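Now for the letters of each chain:
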Amino acid sequence: MVQEGALTALASVADSSQEQFQKYYDAVMPYLKAILVNANDKANRMLRAKSIECISLVGMAVGKDKFRDDAKQVMEVLMSLQGSEMEADDPTTSYMLQAWARLCKCLGQDFLPYMNVVVPSLLQSAQLKSDVTITSADSEGEIDEDDDSIEMITVGDKRIGIKTSVLEEKATACNMLCCYADELKEGFFPWIDQVAPTLVPLLKFYFHEEVRKAAVSAMPELLRSAKLAVEKGQSQGHSESYIKQLSDYIIPALVEALHKEPEVEIFASILDALNECVQSSGPLLDENQVRCIVDEIKQVITASSSRKQERAERAKAENFDAEEGELLKEENEQEEELFDLVGDCLGTLIKTFKASFLPFFDELSSYITPMLGKDKTAEERRIAICIFDDIAEHCREAALKYYDTYVPFLLEACNDESSDVRQAAVYGVGLCAEYGGSVFKPLVGEALSRLDMVIRNPSAQHSDNMMAYDNAVSALGKICQFHRDSIDAPQLIWQLVPAWLRCLPIKGDLIEAKVVHDQLCSMVERSDRELLGPNNQYLPKIVAVFAEVICAGKDLATEQTTGRMINLLRQLQQTLPPSTFASSWSSLQPQQQLALQFMLS
């Protein structure tokens, strides 16, 4: 018992300290291997099992390079154990299952030679039949309810008793198969044809949630593995048609499972998995499959709305108390997560099929537009706006017909109380400015006014508001780029571009930062009059922005943009009067001057 406790403690220390455990490795590993090899009698079964756990956690902690020399010897012992007959109550079996997965994470692709030993037993465990006893709900005595090894489930007028040890072994095996697919990527390809038919039916294994969860999590991993194997030429001669065949098997099964899943948490996992599978399958999906997904999304939104109404009624009940309030809060949070996943799924479909998805979007509009209402939650409004943002971005000209319906919501939401809603809205305004052409032209004035309110807000650059601020600055830049000719007052144009420049650099949204700073670079390259100002009066600000962006490394600009900025600074140094460039240079911080001097030289 003392040795077992010591091994558990050692494993915990290694797991907590990770690579810092390397300095103890050489002292510890010989003892662990000795226990693994020598603790082979019945009295020491748990000690051996604990040594397996400890070795695998130590290996993960120190990493492949340090563990590699001992790994081969350890694996040979484990393979020998795997092939031996073990008693049903021997803990070594379950400890080995977990250890194999950890060793796979540690060794990565070097684990592949051992998969032929590991996978057959996992498949055998994953395929275990449930030990089930079914009786009527009102019968007594047929199932011993005090037996801890039996789990009771009541379904309608039936009571079901299930042997939990079988379910736990089945769930563990399913989880391990998912782990291997995730870790080995394309290396898992040879086992897909055995694993997929085992796990897909378990999407509807209602006797055990953990089995379903593991099966759901494995679906996108199997598709990713197949896709990577085909792309890298490691698919044993199979082509893209294999991915299509696998997708045709997995995606309809996920949609059916979604339709029947009773648990909200697993329901959300299925939506997430479905989204990832669509990302992998992409255009291989046919119209009927897209139709099934869209129809299911309609049902998700409808069912969610019904649940929301039901919760509102519960809140009005006389016996409503703090405990019930906490429960409602949790349920509302779960509901918002579902809406978020619905938005992700639709976003993926829009990005994949672009304008050809619009007939489906037309059907969905009656479900999405109400989500923009002020009576909806901030998260619902944000998701609805994000869906339109995806339409504007990926459908471009084909999306113009929706501007009359959605852009007024965007403009109003630019000043929403929620910073997340504001961010989605101002990002959408930027997209409409970029792709809306003449349709957006009449809206430029109001858009500028709304963006100005976001940018000038006294708390605009507070951490909570930074993303909305950065996206508003980006949207203002796009209006400067695509709609300057829409602004009738010349004086306003001369004010607008410098106002945008004063907001730079942006540092919160690193994706938009790269877009905005690339735009600034392009404007300097073409000697934009309004940007440089009369007598180059804004040049010191431009040089200061360039300096800050360049010194930030890869965070605020791509390598290509940074290179262009350095070339522009060289040109300015060579072409401007020395006093003008010196004036711009003097505004920089000393460390920026040193960094730029080094780069320019």
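Up top is the structure.
In this text the structure is predicted, and so the values were computed from the model without any measurement.

Asker: Would you mind showing me how to read the state of the cysteines here?
Answerer: In a disulfide, the sulfur atoms of two cysteines are covalently bonded to one another. Considering all chains together, one arrives at zero disulfides under this definition. Of all cysteine sulfurs in the structure, the one in Cys414 sits closest to Cys386, which takes part in no disulfide; the separation is 13 Å. There is no disulfide at Cys432, and the cysteine sulfur nearest it, in Cys414, is 9.8 Å away.

Asker: Even after reading the chapter, I still don't get the nonpolar core, so can you show me in this structure?
Answerer: Core analysis: the largest hydrophobic core is formed by 198 residues, its most contacted members being Phe111, Tyr180 and Phe357. Those residues in contact with Phe111 that sit more than four places away from it in its chain are Met75, Trp100, Leu103, Cys104, Val118 and Tyr180.

Asker: Looking at this model, I keep getting lost on the side chain of Arg382. Mind explaining?
Answerer: Along the chain, Arg382 falls in helix α15 (residues 378–395). Setting aside its immediate chain neighbours within four residues, Arg382 contacts Asp340, Asp420, Val421 and Ala424.

Asker: When you look at the packing of helix α16 (residues 403–413) against helix α17 (residues 419–435) in this model, what are you seeing that I'm missing?
Answerer: A pair of packed helices is captured by two measures, namely the crossing angle of their axes and the spacing between those axes. Between α16 and α17, the least distance of the axes is 8 Å, while the angle of their chain directions is 135 degrees. Overall, the two elements α16 and α17 adopt an arrangement that is oblique. α16 and α17 meet at a crossing whose hand is left-handed. Between α16 and α17, the contacting residues are Tyr403, Val407, Leu410, Leu411 and Ala413 on the first element and Val421, Arg422, Ala425, Gly428, Val429, Leu431, Cys432 and Tyr435 on the second. Tallied by class, the residues present in the contact of α16 with α17 amount to 11 nonpolar, one polar and one charged.

Asker: Can you help me understand the environment of Arg212 in this one?
Answerer: With respect to the element layout, Arg212 can be found in helix α9 (residues 209–231). The sequence separation of Arg212 and Cys178 amounts to 34 residues, and the corresponding C-alpha distance is 12 Å.

Asker: Explain unusual backbone geometry to me, please; I cannot follow it from the model alone.
Answerer: The general pattern is negative phi for most residues beyond glycine and trans for most peptide bonds. Backbone torsion omega between Leu504 and Pro505 reads -5 degrees, so that peptide bond is classified as cis. Relative to the elements of secondary structure, Pro505 occurs in the loop between α21 (490–502) and α22 (510–525). In this model, Gln236 sits at a positive phi of 55 degrees, which is unusual for a non-glycine residue. As for its position among the elements, Gln236 is in the loop between α9 and α10 (240–260).

Basis of the calculations
- Residues numbered from 1 in each chain as written.
- Predicted model: local features only at pLDDT ≥ 70, side-chain atom pairs only at ≥ 80, totals over all residues.
- Heavy atoms only, no water.
- Disulfide = S-S within 2.5 Å.
- Core = buried A, V, L, I, M, F, W, Y, C linked by side-chain atoms within 4.5 Å.
- Buried < 20%, exposed > 50% of the residue type's maximum accessible area, 1.4 Å probe, protein only.
- Contact = heavy atoms within 4.5 Å.
- Helix = DSSP H or I, 4+ residues; strand = E, 2+ residues; numbered from the N terminus.
- Axes fitted to C-alpha atoms, helices over the stretch in contact; angles between N-to-C directions.
- Parallel < 35°, antiparallel > 145°, perpendicular 65-115°, else oblique.
- Left-handed = near helix turned anticlockwise from the far one by under 90°.
- Nonpolar A, V, L, I, M, F, W, Y, C, P; charged D, E, K, R; others polar.

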